[in-house]
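# Structural characterization, general
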Amino acid sequence: MVDVTNFRVPPGERLRNAANYAVIVALLMIVAAFALAAPSFLTPANLYNLVLNNVVLLAIVAIGMTLVVSSGGIDLSVGISVDMASMAFIMLLKGGALLGVALGASIGVALIVGLVNAILITRLKISPFLATLGILFIGQSVQKIASGGGKPIYLANAQYAPTFDSIVKSSVLGIPTPMFVLLVLAVAVYVLLHRSVFGRYVQALGAQPGVAWFSGIRVPFHTSIVYILAAGLCGVAGILLSSTVKSYVPLSGDGFLLDAIGACFIGTTISSERRPSVLGTLIGVLLLAVTRNGLLLVGWNFYWQQVGIGVLVFSVLALSFGLRGRGH
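What follows deals with the overall build of the protein. Of regular secondary structure, the protein possesses 14 helices and 4 strands. What you see for the protein is a C-alpha radius of gyration of 21 Å, in line with the 20 Å of a compact globule of 328 residues. With the C-alpha coordinates of the protein rotated into their principal frame, the extents come out at 75 × 55 × 40 Å. The 328 residues of the protein split such that 47% are buried. Considering only residue pairs separated by 6 or more positions, the protein has 77% of its internal contacts joining residues 24 or more positions apart. About 15900 Å² of surface is accessible on the protein, with carbon and sulfur atoms providing 71% of the total.

With that out of the way, let us pick up the packing of aromatic side chains. Per the counting criterion, the structure on display carries 1 aromatic pair. A ring pair is formed by Phe34 and Phe41, whose centres lie 5.8 Å apart and whose planes are at 45 degrees; its orientation type is tilted. Judged by relative accessible area, which is 10%, Phe34 ranks as buried.

Here helix H4 (residues 78-94) crosses helix H7 (residues 161-168) at 145 degrees, and the two axes come no closer than 12 Å. Residues Phe89, Ile90 and Leu93 of H4 lie in contact with H7, whose contacting residues are Thr163, Phe164 and Ile167. Grouping the amino acids of the contact of H4 with H7 by side-chain chemistry returns 5 nonpolar, 1 polar and no charged.

The next subject is the environment of Ala32. Relative to the helices and strands, Ala32 is located in helix H2 (residues 22-37). For the pair Ala32 and Arg292, spaced 260 residues apart in the sequence, the C-alpha separation amounts to 14 Å.

The next point concerns helix H6 (residues 128-146). For H6, which comprises 19 residues, the first-to-last C-alpha distance of 26 Å matches the rise-based estimate of 27 Å (1.5 Å per residue) to within 8%. Among all positions in H6, only Ala131, Thr132, Ile135, Leu136, Gly139, Gln140 and Gln143 are buried. For H6, the angular spread of buried residues about the axis comes to 165 degrees, placing them on one side. Among the exposed residues of H6, those oriented more than 90 degrees off its buried face are Leu130, Ile138 and Ile145. Tucked inside the fold, the buried residues of H6 contact H4, helix H5 (99-123), helix H11 (219-245), strand S4 (247-248) and helix H12 (254-267). Backbone geometry just downstream of H6 places Gly148 in the positive-phi region, at approximately 70 degrees.

On to the nonpolar core, then. Across soluble globular proteins, nonpolar side chains have a tendency to be buried as a group. Counting 82 residues, the largest nonpolar core has Ile60, Val61, Met65, Phe89 and Leu287 as the members making the most contacts within it. When residues in this core are grouped by element, the largest group, 15 residues, is from helix H3 (residues 44-70). The residues touching Phe89, leaving out its near neighbours within four places in the chain, are Leu99, Ala102, Leu103, Ser106, Phe164, Ile167, Ile239, Ser242 and Ser243.

Taken together, the side chains of Tyr21, Ile24, Val25, Leu28 and Met29 present a nonpolar region at the surface, about 520 Å² in accessible area. Along the polypeptide, Ile24 turns up in helix H2. Taking the relative accessible area as the measure of exposure, Ile24 reaches 32% and is therefore partly exposed.

This paragraph deals with the side chain of Ser196. Within the secondary structure, Ser196 is located in the loop between helix H8 (177-194) and helix H9 (197-207). Residue Ser196 is classed as buried on the basis of its relative accessible area, which comes to 17%. In this structure the side chain of Ser196 is engaged in a polar contact, spanning 2.3 Å, whose partner is the backbone oxygen of Leu192. A polar side-chain atom of Ser196 sits 3.1 Å from the main-chain amide nitrogen of Gly199.

With that settled, consider H5. Given 3.6 residues per helical turn, the α-helix brings residues three or four places apart onto the same face. Its 25 residues give H5 an end-to-end C-alpha distance of 35 Å, which sits within 8% of 36 Å, the value for a rise of 1.5 Å per residue. Here H5 has its buried residues at Ala102, Ser106, Ala110, Val113, Gly114, Asn117, Ala118, Leu120, Ile121 and Thr122. Where H5 is buried, its residues contact H4, H6 and H11. Looking one or two places after H5, you find Lys125, whose phi comes out positive at around 60 degrees.

Rules used throughout
- Residues numbered from 1 in each chain as written.
- Predicted model: local features only at pLDDT ≥ 70, side-chain atom pairs only at ≥ 80, totals over all residues.
- Heavy atoms only, no water.
- Helix = DSSP H or I, 4+ residues; strand = E, 2+ residues; numbered from the N terminus.
- Rg over C-alpha atoms; globule rule 2.2 N^0.38 Å.
- Buried < 20%, exposed > 50% of the residue type's maximum accessible area, 1.4 Å probe, protein only.
- Contact = heavy atoms within 4.5 Å.
- Areas by Shrake-Rupley, 256 points an atom, 1.4 Å probe, with all protein chains shown as cover.
- Phe/Tyr/Trp six-rings, centres within 6.5 Å; stacked < 30°, edge-to-face > 60°.
- Axes fitted to C-alpha atoms, helices over the stretch in contact; angles between N-to-C directions.
- Nonpolar A, V, L, I, M, F, W, Y, C, P; charged D, E, K, R; others polar.
- Expected span 1.5 Å × (residues − 1).
- Arc of directions from axis to C-beta.
- Core = buried A, V, L, I, M, F, W, Y, C linked by side-chain atoms within 4.5 Å.
- Patch = residues over 30% accessible without salt bridge, like charges linked within 9 Å, V, L, I, M, F, W, Y side chains within 5 Å.
- Salt bridge = Lys/Arg side-chain N within 4 Å of Asp/Glu carboxyl O.
- Polar contact = N/O pair within 3.5 Å; in protein donor to acceptor, adjacent residues only side chain to side chain.

This is how it looks when you write it as C-alpha cells:
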C-alpha cells in the first residue's frame, strides 16, 4: 500500500497552482472592495447594466482576439471590424433595407475585413502586427470619409424602434438577447478552439508554427479562417453596439482594442502553459469590466480609471507569472 499520510505537495507545485488562481482571487477581492466602497455596486440594476453594457460587447470582441492569439498572431483591426459592421448596419437601415438584409450585409462587411487581413498575412507574408495595423489606419480613414469627417449617423426616428428593440430589448429563454448571443458564441468558440481538430491545429500554430507546417497542417488555410472568424465575431459586436445606441459613431470600435488584448492575456494566467482560452478571456473581461464600473461608482474620473486599469493588469500578470517563475 501507498502511505498517503506523509504525502506533501512540493512547494514549487503549490506556487504554480496558486498562480493559476491569481486572477480569480483578484476578481473576488475587487468585487468585495467595491461592494464595501459603493453600496450600489451589488444592486441588481447595476449588475444588469454591468453585464449588458460593459461585458457583452467586449467579451465578444475578446473571444475573437483569443482565436487570433491562440494561433500565434495579433489583430489590431478588431475595432475596424466592429465599426464597419456598425456603419453598414445603420446606413442600410437608413436606406430602407430589411432587417435581415442589413444584418447579413453587416456581417459580410466585417468578414471582408478579416479576409483582407488573411490575404495580407498568408499570401503577402506581412507580419500580423503590421498587416492589421495597416488595416487599422485604412479603416479609420474610410470611416471619416464615409461619415463626412467623423460625424455620427443617428436613427432616432420612431419607425426604427421595433427594429432595435427586436435585437437589444428582446429575450430568448428569458435571457436578454445580447447576453444570449454572447453565451452562444462563447460556447461555439470554446468547442471549436478546445474540443475540435481545427482548434488543435490552431493551438499548434501558436505553440510551434514550424512543427505545425512540417506536420502537414495547412497553415495558410487555418490562419485565414482564424482571422475571418475573429472579424465575424467583431461584426456581431458592431451590430449589437449600433442597436444599443441607435446610431453609428465613427471610431467607437477603437475602444475595444486594448481591453480585448488585455482580457485575452489576463486570461492566460489560469493556464499553466500560459495559453489563451475562452474561459480565461471571459474572466479577464469580467475583471476589467468590474474594475471600470466600480471605479466609476466610487467617483474616479475617466483618466484615473485608465490608470487604475493599467495598474490592475500589471499587478495580476506580475503576481501570476512571478508565482509561476518561483515554482520552477
